[in-house]
Amino acid sequence: MDYSVAEKLPSEGILVSDLNANQKKQVMRIIHEYVSTIPTDQAKEKMDAIRNEELDDMRFAWAGATVLGKAHYYRIQAKSFMIEFDNSQDYANHIHSVWRDFDGDFGRDLLKEHYKNSTHHH
């Protein structure tokens, strides 16, 4: 399998443009947590591009519980990227999180590869 480009998943979840102002701010805070791992100038450029070009079509999907200690998963998907956060193993005490850039910069499906190549206790 070619892991050079991340594949887009089917659009699921609520449109971020349908959220209220506080909810939109929370989604942008989540995205900022991921983007802040790259150099500051690149991070600012990326966040500006997301705000200006991606918000209308961006979706936020949640699965699972909303209380600590219970399995949960979320996905934020836009035109150019997708974030996945999976906390469903070991009584929701084992997090996997990945940013996938559809332009190929970080294009490998690392979460899928990790599950395929690692032994996990359920």
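### Looking at the packing of aromatic side chains
Per the counting criterion, the structure on display carries four aromatic pairs. Judged by centre distance (5.8 Å) and plane angle (25°), the ring pair of Phe60 and Tyr74 falls under stacked. Of this pair, Phe60 sits in strand β2 (residues 59-64) while Tyr74 is found in strand β3 (residues 72-77), placing the two residues 14 residues apart along the sequence. Their ring planes at 5° and their centres at 4.8 Å tell us that Tyr74 and Phe85 sit as a pair that is stacked. With Tyr74 in strand β3 and Phe85 in strand β4 (residues 81-89), this pair connects stretches of sequence that are eleven residues apart. Phe85 carries the same exposure label as Tyr74, and that label is buried. Chaining the aromatic ring pairs together yields one cluster made of Phe60, Trp62, Tyr74 and Phe85.

So, how was this worked out
Residues numbered from 1 in each chain as written. Predicted model: local features only at pLDDT ≥ 70, side-chain atom pairs only at ≥ 80, totals over all residues. Heavy atoms only, no water. Phe/Tyr/Trp six-rings, centres within 6.5 Å; stacked < 30°, edge-to-face > 60°. Helix = DSSP H or I, 4+ residues; strand = E, 2+ residues; numbered from the N terminus. Buried < 20%, exposed > 50% of the residue type's maximum accessible area, 1.4 Å probe, protein only.

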